[in-house]
Amino acid sequence: MGQVGLAGAFAGLNLFNNATAITFDPLVSSLLARTGEGVLTTLGTTNAGGSIQSGCAINDIFYFAGSFSSIGNTSVSASNIASYTPSSGVFAALGSNGPNGPIYSLYCDVSTSKLWVGGHFTSPGSSVAIWDTKSNSWSAPPFKGFTGDGGEVLSITSNASQNSLFFAGSFLTSFAANATALNNTNNPNIPYSPGATPFSSSLVPVPLEGAQILGQPSSSDPQFSNILSILCPAGPDGPGNTWLAANGNGAVITVRDFLSIDAYGVRLGNTFQSGFGTTTFSVTSIPDNTVQTLSYVNPSTGQNMTCTTTCPLSTDSSILYQDFIFTAPVTLTGIQITLSGWTGEAPGLHMLQLLSSGAFASSNGNLKSCFSPNPSNTTSTGNWATKNAVTNIPATLQTVLVSTVAVGMSPSQAPSFTWQPYVSASGQYDVYLVIPGCADFQDCPLRTSVQVTVFPGGGSQPWVSSISQQVQSDTSTLVYSGPIVPSSTDFVTTVSMTLANNPEGTGQDGQYELVAGNVALVLTSANVASAVGSGSSGSNTASSSQHGFGFFEWPLSSSASIDATGTIPNTSETSLDMISIDLYNAMGATTSTATSVTAVAQHPSGTVYLGGNFQLISGSTSGVSNIVAFKSGSFISLPNNGLNGPVTSIVLSGNELYVGGSFTDTNTASTQGKLKGVAIYDVSSNSWKAMGAGVNGVVISLALANGQIVVAGNFTEALNSSAAGAPVGGLATWSVSTGSWVNSGGFVVGNMTFIGNGTLPASGQKQTQFIAGNVRTMAEYGSSGLVMLSSGGSTGPLVTPMGVQLTSSVANVSSPATVTKRHPHVRRGPSAWISHLNIGTLFTRQSATSSILPPSPPAPAPAVLAGAFWTNVSTSHQVAIIGGNFSFSSSSVTSSAVAIYDPIASSISALAGAQINGVVRAVYVDQKQQLFVGGEFNLTGTSASGLALYDLSAQQWDTSSMQPLQPSAGSSVVVRSISSSTYKSDAVIAGSVACQAICLFDTTLNQWSPLGRGIQGDISSVSYAGNNQEILIAAGSITLLGGSTTNVAQYDFANSTWAAIGNSAEIPGPVTAVTVNNGNSSSIFAAGRTADGSSPFMMFWDGISWSSVGSSLQGTTNISQLLMVPLLNTHSTNSIIESDRMLMISGALSDSSFGSASSVLFDGSSFIPYMATATVQGASGSISSLFYSLANFSFTQQQFLATGIVILISIAIAAGVVFLLALIGILWTLLSRRDDRVAKYNASDDDDDDNSVQHRPSSLLEHINAATRTTILGAPSPSNMVGAEKDGVAREATAAEPDPFGPDGSNYLRAETPSDAVVGTMAAEEEFTRPAHARYSFDGTGEGELPLTAGLEVEVLDDRDVAWWYTRNPQTGQEGVVPAAYLY
C-alpha cells in the first residue's frame, strides 16, 4: 500500500494485543518504560497513595524510590525503594532495614556499584543512606547524614568531574569554630581594584619578561612608547609606566612567549592620561587564533558580565585595573589584544598581565611574577640533566630534567625533585603534574612510575600518589584536588617526586629514567576554610561556628568519617561548602522547613547553579529568588534576579541550563510570561531564553536524552511562542537542536512526578528512560492526530508518530463573500452555470424525502481528518498533506486546518498565501499537482467556501480556475470527501442539468457538470466497483430522481444512470461509510446509524440483498471509514471476506466483546480489536481515515486507488444537503476533433480564453442529442443507429427513473423544438437566446452538432458551457452544438 497514514481525533494510540487490558488508577503511581523513540509501556504500579520520586541505573538494573509499600503487577512488597530488571521484567525489594521514610533522590555511583539515597528518614542514616549492590546491604553514609529545618535531602548529583557528590535539600550544617576564612577579600599581595574578584586576584600572573611583545602602532613620544613598561608598572599611570598608541589609530598588542602556557585570563589597567584611553578591546589566543569569550565584573554595578569582540574597559580613574577571565583555562603560546575603541587621541594601557590558571612551577628555572614576593622555586637531590621535549603547541619546546635510577634501587636512595610553586592565595586547587610523552624522547623503555607527595598546608595531611610516567604523549595527571593553604607568609607549598615504592616496567640496560616537567595548579574556588592563620591582612576570622543551609559536598574518594549532623571539622570542608555558608547568610540567617534547595548542577567552568524555593535578602545577591550561581568563590545573581517561582529540576546541556518548576517569568517579568514552568539560562550570553512559551502547569522533573529535554509534571499543553497549546498531558519533549517542542513519541495523561534515564544503551542504540506518576490514561504512541504505519512489527504494524506537535484551533466557518449574480447572456467564467440552475423546479415531482445524515464523531482540536500523499519535487520526499481541525507554528507563523508534513525530516510547513478559517475534511492531489481542499471553511481574502484549489507547483492558491460553490441562504458549504475513478469513456458527463448531490469538475476546461441527471440528499462516502471503476457507489441519505429514497446508490459511468442498490428498506438508516471489496459490486459493506439515531449498524451486500454483520456494535458507535486492507497472514475463508484481507472499520467504536476501540478488523465472522486512541483529556478518541500512497494497489493487481483522471468530491450545502463533485482532467486530451473541412481554425485569431476548445467530447448533453436524433435529423444515419441502440439500452437500464427529457407527456411532447424541451424542463425564468455570427465555417458532422458557414447568423440558446454553445439556425430551425470560439 506504499506509505500509510492514519488520521483522527486523538493524542495517543495503542495497538491491541493478547495481553490483559491495562486500566489506570490515578490514586496509584505507575512506572512506565520509554524507548529511545518515545514509545511507552506500563511496567507496574504502587499501592494506593504511593508515589515514585526518583530513579537511576547501575549496569542493567534500574532503581527507583519514593513513598510506597508495594510495587509491580504482582504487588511485590517494598519499602519506599525497589529495583527493576528490564531483561527479565522482575521487580525486587532492596533487602531489609532500608530507609524508614520517603525517598526523594537517588544517585547511582557506577564506579563503586553503590546507590546513594536521600530523603526524609532517620535510619540507616539521617536523611542519607547507601545501598551496596555487591554486598546487598544498607549502611549510613560516612558523614552520618543531616538534620535541621526540614531535615530532608531532595537532590543528590555529582560535580562536573564526577569525583564528588552534591547533597541539596532542607537541612542545616555547622562548621568548626576555629575555622578562618582566608580569602573573603582580594589577595592582599595585589593592589585592590573593584574590577577584580577574590578568584581573579588569586591567579598568579605569568612572567613575560622573556616574551616577544609588540605594540603597534606606537606613540612617537618616547615616554609612552615602551610596551614593556606596562607588564608590571613600577609606578602610577604616567610617563615610563604607560604605553600609548599613535594618534588617531587603534592598536594591536601581540605577546608571544614560545612556551606552552595555561592561562585563565588577562588583567588590563587603562590609562587616564589627558586625551587618551581605551574603551573597547578583544583578546585572541595564539596559536589557535580564537577570539576568547571573557567574563568580568562591572565595577559600577558589581554584576558579572560577558563579552567577546567589543569588551568594555572602564574609563573611571578609580578603577586601577580589571580582570577578564576566560570561560575555562586555555593552553596557548601567546595572545593578541586589539584596542578597537578609544577616547581622545588614541588608546593606551597602564597595565597588561596574562593570568595563569592559578599557580605554576617549572623544573628548569622560574621567573618572578608581578606582585609576588618571590618566584616559584625547585630543589632536587641526585643528578638531573636537561632534555628538550616537543609540546603539542606548534613551534614550541619544553625543557625538562631527567635523572637515571638503577633498577632495584630503594626509593629512599633514589633522586628526588621538589617544586615550590608560588601560590598567590589560599583556595581550592587542582594540582597537575605535567609528564612529557616518551614518544618524543624515544625513551619509553626507560620510563617507570614515581611517587608524588603534595603538602597542601593548613594542617592537612600530605597527599601521596603513585603516578606512571609511561605515557606516549604529553599528559597532565591530577595529583591533588582540594584546599591549598600555604604554610608560610611567602605563600609557598610543595610538590615532591621520587621513585615509586613499586616501580613499573623493567627498565632498559638496568636503568629507569625519572622525568621532571612542570607543575600546574588550577584554581577552582577562592574560598577555603583552615585551622591555620594565613597572616594575610584583610582576612576574616570567625569567632563562632559557621552555619550553612541546604548544600554539602562530599568527595567520593574521601576516607574520612565525620558527623555532619553535628559540627563539621574544617579538615573535611571543601571550597564549595562555602555555598551553604553563603546561602545561610544571604537568607539573613533565617530558614524554615519550606525553604529548600531542590536542584544543583555544575558547569565545566566550575560555576555551580542552585535552584529551589528560597529568597536572598542579604549581601550582593539581595533580591534574588529561587535560582542563583556560585562562581569564583561568591554568589552571583542570574539576570533579572532569578525566577518568580520555585525551581524543582535543573539539567545542563552544554552551555544551556534547563530549569523546571512552578514559575512563569523572571522576577522582573522580563519575558512577558513566556517562562511558564520551564526556562533556559544561556551560560555564554548570560541571558534567559524561553522554551516556546512553556507549559500550562507545574514541572516536576527534567531529563536529557537523545538530544532532547524531556519534561514531566502536572500540565496538559506545551505552548509555542505564540502561546498556542499542543496536547501533551504531563509529558513534553523539547528538541535541543531545533529549539522547539516535538512529539514525545508516547502519550500519557496524568500528574507525572519523575523522568530519568535508564540503563546504558547498547552501541548504536538510543537511551531508554523511565517515567512515573499518577496516570489516568496512557498510550504507547503519542501524536496529535496522525501516525505513519508500516509493516515489520513483531505484534503489529510499526507505528511512527508525527514528529511535530499540532495545537488547538477554534474552527469558525463564517459566511462566504457575496457573489453577484450575472446575467445568463453575459460571458461567464468557469462553471458559472451552477449558480443559475433552479434546483427546486428540477425536482418538483419528487415528494419523498431522505433521512438526515447523522453528525460526524466529535473532532476536538487538534484533529487530523483527512490526508493524501504527494511527492515534493523540491526535496524528492513523499510528504503527507493533512487537513483537519488544528493549528501549528512554522517559521514563527501560526497556520491552521491544512499542512504539509514531511515524515523523513519530521517537519511541517504551511501552504503559502491565504489561510483557511475552519475545518478541512477532505484533500486530494491530482496528476497536475493540484491540491483540492474540501471541508467547512472560508479562505481568507477570497470567496472560496468549503472547496479550494491550490497549485502545489506554483505554491499558491488558484482562485480563478474554479468558481466558488454557493450555499443555500443561511447555511455554509461542507465538503466531506474527495476521490477519483480510473474509468475511461468516450463520453464526457456534462450538461445544463441539476447539480444536487453529485457533480463533476473538468480540470482542463475548469467546468462544472452533473453526474447523470443528479440526485438529492446527503452523501457521506464514495467507493468504486468494476474492473475499471466504471461504477460509482455513493452512500449517505439519498433521494433519486424519481423521488425514491435509498442510503446506498450506484452510478454507471457507461450509461450515466443512477440506481438504488438492493432494497432500500433493508438498510435501517443513513450510511456514514461504504466500501467495495476490491471492485466487486456484489461485495459491498455499508455502516451508519438507524433512522432514529439510537444504534449503529453495519450491512453487507452480496449482490442480492443486504444483511446485518455488526449486531454486536453498541449504541455509542460511530463509524467514519470502511476499508479493505491486505494481510500478511491469512484467516479462515468464509462467504463474506476472502482469506487474504480484512475489513478495517474505523471511527469511535464500542462492542460488547472488546469494549472501546478506534479501529477493528472484521474477517467476515468476528470483530478483532486493532487500535485504541485517547484524547488529551483522557477520553476515547476516534480514527477518521486511513490513507496510502500506492495509487494502483489492488488485491488482484487491478487499479484500486485513484490515478487522477476522474475525481469525486462529496460536499454539503445547507442543512444535510451533500454534493458530490467529480473532476475530469485527462479525458479531455484523449478525445480529438478531426480537422475542419471548410475553414481551418487559426488559434492566433482567438482569445486566450478560448484556446482550450479546439476539441470537444463526442457527446454533450445527452438529452440534446436524443432530441436532435429524434426530431431533427429524420432518417437515422449509421451513427444515429448506434446512438439509438445506446439510448435503448440506457432507457432499459433506467426504467425505474423517469427521464424528464424523454417522451413522458409532461415536457418533451409539448416541446416544439429540443431547446423548448430543455428550457421547459428547467423552468427557465427567461429566454436564453441572443444572436451571434459564425467566425469560421464548421462542418458539424458529429452527433448533435450544427453545421456553420462563415458569417452565418445563429441564435445562441445556451452559452453556459465555456467551450461548446447550443445554438439554432433560424433559417432552417435546426439546432445543435458548435464551438464557442467559432462565434462572435
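Keep in mind that what you see is a predicted model, and the values were worked out from it rather than measured. (Residues numbered from 1 in each chain as written. Predicted model: local features only at pLDDT ≥ 70, side-chain atom pairs only at ≥ 80, totals over all residues. Heavy atoms only, no water.)

With that settled, the discussion passes to the overall build of the protein. Of regular secondary structure, the protein possesses seven helices and 93 strands. Per-residue burial for the protein yields a buried fraction of 58% across its 1384 residues. For the protein, contacts bridging at least 24 residues in sequence account for 62% of all contacts bridging at least 6. For the protein, the computed accessible surface area is about 51,200 Å², with 50% contributed by carbon and sulfur atoms. (Helix = DSSP H or I, 4+ residues; strand = E, 2+ residues; numbered from the N terminus. Buried < 20%, exposed > 50% of the residue type's maximum accessible area, 1.4 Å probe, protein only. Contact = heavy atoms within 4.5 Å. Areas by Shrake-Rupley, 256 points an atom, 1.4 Å probe, with all protein chains shown as cover.)

This brings us to the pattern of salt bridges. Overall, the coordinates contain 13 salt bridges when judged by the stated rule. A salt bridge links E513 to K387, with the nearest nitrogen and oxygen atoms 3.2 Å apart. Taken together, the positions of E513 in strand β38 (residues 511-516) and K387 in strand β30 (residues 385-390) put the pair 126 residues apart, joining distant regions of the chain. Judged by its relative accessible area of 4%, E513 is buried. R447 is the salt-bridge partner of E513, the closest N and O atoms lying 3.8 Å from each other. Separated by 66 residues along the polypeptide, E513 in strand β38 and R447 in the loop between α1 (438-441) and β34 (449-455) bring together distant segments of the chain. Bridged by salt links that share partners, the residues K387, D443, R447 and E513 form one connected network. (Salt bridge = Lys/Arg side-chain N within 4 Å of Asp/Glu carboxyl O.)

Another aspect to go through is the sheet that holds strand β2 (residues 12-15). Sheet strands associate in pairs through backbone hydrogen bonding, adopting either a parallel or an antiparallel arrangement. With antiparallel pairing, six strands are arranged side by side in an open sheet as β61-β2-β86-β85-β84-β83. Bordering the open sheet on either side are β61 (781-782) and β83 (1118-1126), each of which pairs with just one other strand. Summarising the sheet, strand β84 (residues 1141-1151) and strand β85 (residues 1155-1162) pair through seven bridges and their orientation is antiparallel. Residue pairing in the sheet places D1151 in a bridge with G1155 of β85. (Pairing = 2+ DSSP bridges.)

In this section: the packing of aromatic side chains. With the rule as written, the count across this model stands at 40 aromatic pairs. Ring geometry for F1338 against Y1382: centres 5.8 Å apart, planes inclined by 85 degrees, an arrangement best described as edge-to-face. Within this pair, whereas F1338 is found in the loop between β90 (1330-1333) and β91 (1353-1358), its partner Y1382 is found in the segment after β93 (1375-1379), the two being separated by 44 residues in sequence. Here the aromatic residues F62, F64, F68, Y84, F91, F754 and F770 are joined through ring pairs into a cluster of three or more. (Phe/Tyr/Trp six-rings, centres within 6.5 Å; stacked < 30°, edge-to-face > 60°.)

Glancing now at the environment of S51. Among the structural elements, S51 can be located in strand β5 (residues 51-58). Residue S51 is classed as buried on the basis of its relative accessible area, which comes to 17%. Put simply, S51 and L27 are 24 residues apart on the chain and 9.2 Å apart in space, counted from C-alpha to C-alpha. Polar contacts involving the side chain of S51 include one to the side chain of Q53, which spans 3.2 Å. (Polar contact = N/O pair within 3.5 Å; in protein donor to acceptor, adjacent residues only side chain to side chain.)

Next up on the list: the sheet that holds strand β28 (residues 358-362). Here we have four strands laid out as an open sheet, ordered β28-β39-β33-β36, and antiparallel in their pairing. Two strands in the sheet have a free side with no partner beyond their single neighbour: β28 and β36 (475-484). Across the sheet, the mean angle from the axis of one strand to that of its neighbour is 20 degrees, orientation sign disregarded. Pairing analysis gives five bridges linking β28 to strand β39 (residues 518-525), with the strands arranged antiparallel. For A359, the partnering residue across the bridge sits in β39 and is L521. (Axes fitted to C-alpha atoms, helices over the stretch in contact; angles between N-to-C directions.)

If you look at the biggest cluster of nonpolar residues, it comprises 39 residues, and the most contacted ones within it are W116, F143, F146, F167, F552 and L610. When contributions to this core are tallied by element, the ones reaching two or more residues are β13 (128-132), β15 (147-158), β16 (164-175), β42 (546-555), α2 (578-586), β44 (596-602), β45 (608-615) and β46 (625-631). The next biggest cluster of nonpolar side chains, apart from the first, holds 38 residues, and it includes F417, V431, I435 and V450. (Core = buried A, V, L, I, M, F, W, Y, C linked by side-chain atoms within 4.5 Å.)

On to unusual backbone geometry, then. Residue P217 is bonded to the preceding Q216 through a cis peptide linkage, with omega at -10 degrees. Following the sequence through the fold, P217 ends up in the loop between β18 (212-216) and β19 (243-244). Cis rather than trans, the peptide bond between I286 and P287 has omega equal to 15 degrees. With respect to the element layout, P287 can be found in the loop between β21 (278-286) and β22 (290-291).

Now for the state of the cysteines. The full count for this structure, using the stated rule, is four disulfides. Disulfide pairing is shown between C56 and C108; the S-S distance is 2.0 Å. One disulfide, between C56 and C108, carries an S-S torsion of 75 degrees and so falls in the right-handed class. Taken as a pair, C56 in strand β5 and C108 in strand β11 (residues 103-109) lie far apart in primary sequence, 52 residues in all. Judged on exposure class, the residue C56 and its partner C108 are both buried. The disulfide partner of C438 is C444, and the gap between their sulfur atoms is 1.9 Å. Given an S-S torsion of about 85 degrees, the disulfide between C438 and C444 has right-handed geometry. Using a relative accessible area of 1% as the deciding quantity, one classes C438 as buried. (Disulfide = S-S within 2.5 Å.)

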